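Breakdown of the fold
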Amino acid sequence: NEGFAKRTLDYMSFMATGFVASLFVRRVDVVVGTSPQFFTVCAAYVTSLFKRIPWVFELRDLWPESIRAVGAMGNSKMLDRLEQLELFLYRKADHIVTVTESFKRNLIGRGVSSTKITVVTNGVDASRFSPRPKDQDLVKRFGLQGKFVAGYIGTHGMAHSLETILDAAELLMNMPNGDRFQFVLLGDGANKVSLKQSAAERGLDNVTFIDPVSKQEIARYWSLLDVAVIHLKKTELFTTVIPSKLFECMAMGIPVLHGVQGESAEIVEREGVGLLFEPENAQALMQELMKFESSPNIVQQAQQQGPLAAVKYDRKELALKMLAPIDKTVYR
């Protein structure tokens, strides 16, 4: 996250060194390449050619379309060429596994055969994420006693538009009993420095920034939250994604305040695990957050429904589902 040029060099160096490393792996039956970014998938494709074995494209993001969506790259001709490469890789893959139904529909609409596409959603490691009381040591460390805590845990990037959370925090500072609320933002990313600067300039004492923690520790930090905020920029592309953190929230019984439209919003409504608000609408975020705080019955419902719904997205079951198209590709 030190600039577009450095990130691109990082991606391309992994493509080259990943391919070289693959040459030393023996007795391989199939190659799986995952995106984003798809320089990784380029390495998988070349490896499959060199070893004369089939390869599976696991599609986790519509890249480079997502670059267009967040405005991270202004050179449209370069993006056009990347999209040509993207379509080439779809055609050459022996099978494609997408993480959403929306991605599958997108590919079919662009001429990819539905017979070579399987949907396996993101999920949750149920052995690590389950309901638990708030970690009182962390509550004391961050001064969250007596607070209704709304938190965002994850990447602080261009796609996430976390300025909306800061705007909602500023609105709450001017509301009666607004000091009852505290926002927690845990993670790192390209926008974290600017977010911290903005919060400091606005005097947002109701926003706490926490640096990334290990995977082993993350469930303790999830436990701090009364409500989890999930948010992405308001753009057509992001109606096709399902943020993986949604499943962790469900497994832990944490109510979700969901600022993403489309397929993931349908899951939140269908499973009864939270409330929706319009992306990039700080007023709507604030209002729905206050509704959570004043309606214990809504919170209780989400807490009960989350773990029940999360069973459908247990990674052990999803792993078996993922193995099926890989086996089919190898033994066809």
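Note that the coordinates shown come from a computational prediction; the quantities given were computed from them, not determined experimentally. (Residues numbered from 1 in each chain as written. Predicted model: local features only at pLDDT ≥ 70, side-chain atom pairs only at ≥ 80, totals over all residues. Heavy atoms only, no water.)

1. Things to note about unusual backbone geometry
With the exception of glycine, most residues fall at negative phi, and the peptide bonds are largely trans. Put simply, the rule is: Only DSSP runs of H or I covering at least 4 residues are called helices, and only runs of E covering at least 2 are called strands; the numbering of each starts at the N terminus. Three exposure classes are used, based on accessible area relative to the maximum for each residue type with a 1.4 Å probe and protein chains only: buried under 20%, partly exposed in between, and exposed over 50%.
Residues other than glycine seldom take positive phi values, yet Arg-27 does so here, at roughly 50 degrees. In this fold, Arg-27 is placed in the loop between helix H1 (4–22) and strand S1 (31–35). What makes Arg-27 exposed here is its relative accessible area of 80%. Not every positive phi belongs to a glycine, and Ser-161 is a case in point at roughly 45 degrees. Tracing the sequence through the fold places Ser-161 in the loop between strand S5 (148–153) and helix H7 (163–173).

2. Focus: the pairing of S1
Note the following rule: Orient the strands so they point away from the viewer, and a crossover whose first-strand-to-second-strand path over the helix runs clockwise is right-handed.
Only one face of S1 is buried: it carries Val-31, Gly-33 and Ser-35, and the other face, with Val-32 and Thr-34, is open. A crossover connection joins S1 to the parallel strand S2 (residues 55–59) through helix H2 (residues 39–51); in handedness this β-α-β unit is right-handed.

3. Looking at the nonpolar core
Nonpolar side chains tend to gather and get buried jointly when the protein is soluble and globular. Quick note on the threshold: Residues grouped as a nonpolar core are buried Ala, Val, Leu, Ile, Met, Phe, Trp, Tyr and Cys residues, joined through side-chain atoms within 4.5 Å. In this analysis, two residues are considered to be in contact whenever any of their non-hydrogen atoms come within 4.5 Å of each other.
Grouped together as the largest cluster of nonpolar side chains are 63 residues, with contacts concentrated most on Trp-55, Phe-57, Ile-96, Trp-222 and Leu-225. Here the element with the most residues in this core is helix H10 (residues 245–252); it accounts for 6 residues. In this structure Phe-57 touches Gly-33, Ser-35, Val-41, Leu-89, Tyr-90, Ala-93, His-95, Ile-96 and Val-97, once residues within four positions along its chain are discounted. Among the nonpolar cores identified, the runner-up in size contains 29 residues, and Phe-148, Ala-150, Phe-277 and Met-286 belong to it.

4. As for the sheet that holds S5
Selection rule: Strand pairing is assigned whenever DSSP identifies at least 2 bridges connecting the two strands. Fitting a line to C-alpha atoms yields each axis, with helices limited to the stretch in contact; the angle taken between N-to-C directions then spans 0 to 180 degrees.
The 6 strands lie next to each other as S7-S6-S5-S8-S9-S10, forming an open sheet whose pairing is parallel. A strand with exactly one partner marks an edge of an open sheet, and here the two such strands are strand S7 (207–210) and strand S10 (274–276). This sheet shows a mean twist of 25 degrees between the axes of neighbouring strands, independent of strand direction. Direction of pairing for S5 relative to strand S8 (residues 227–231): parallel, over a ladder of 2 bridges. Bridging from a neighbouring strand, Gly-151 pairs with Ala-228 of S8.

5. Section: the environment of Leu-85
One can find Leu-85 in helix H4 (residues 76–92). When its relative accessible area of 26% is taken as the criterion, Leu-85 is described as partly exposed. Taking the C-alpha atoms as reference points, Leu-85 and Cys-42, separated by 43 residues in sequence, lie 9.0 Å from one another. Dropping the residues within four chain positions of it, Leu-85 is found in contact with Phe-38 and Cys-42.

6. Notes on helix H12 (residues 282–294)
A turn of α-helix holds 3.6 residues, and therefore any two residues three or four places apart point the same way. Formally: Here a helix's expected span is defined as the number of its residues, less one, multiplied by 1.5 Å. We call two N or O atoms a polar contact when they sit within 3.5 Å, provided that within protein one can donate a hydrogen and the other can accept it, with sequence-adjacent residues counted only if both atoms are side-chain atoms.
If you check H12, its first and last C-alpha atoms are 18 Å apart, about what 13 residues at 1.5 Å a residue would give, namely 18 Å. Within H12, the full set of buried residues consists of Ala-282, Ala-284, Leu-285, Met-286, Glu-288, Leu-289 and Phe-292. Where H12 begins, one side-chain oxygen reaches toward the backbone nitrogen of Gln-283, 3.2 Å away; that side chain belongs to Asn-281.

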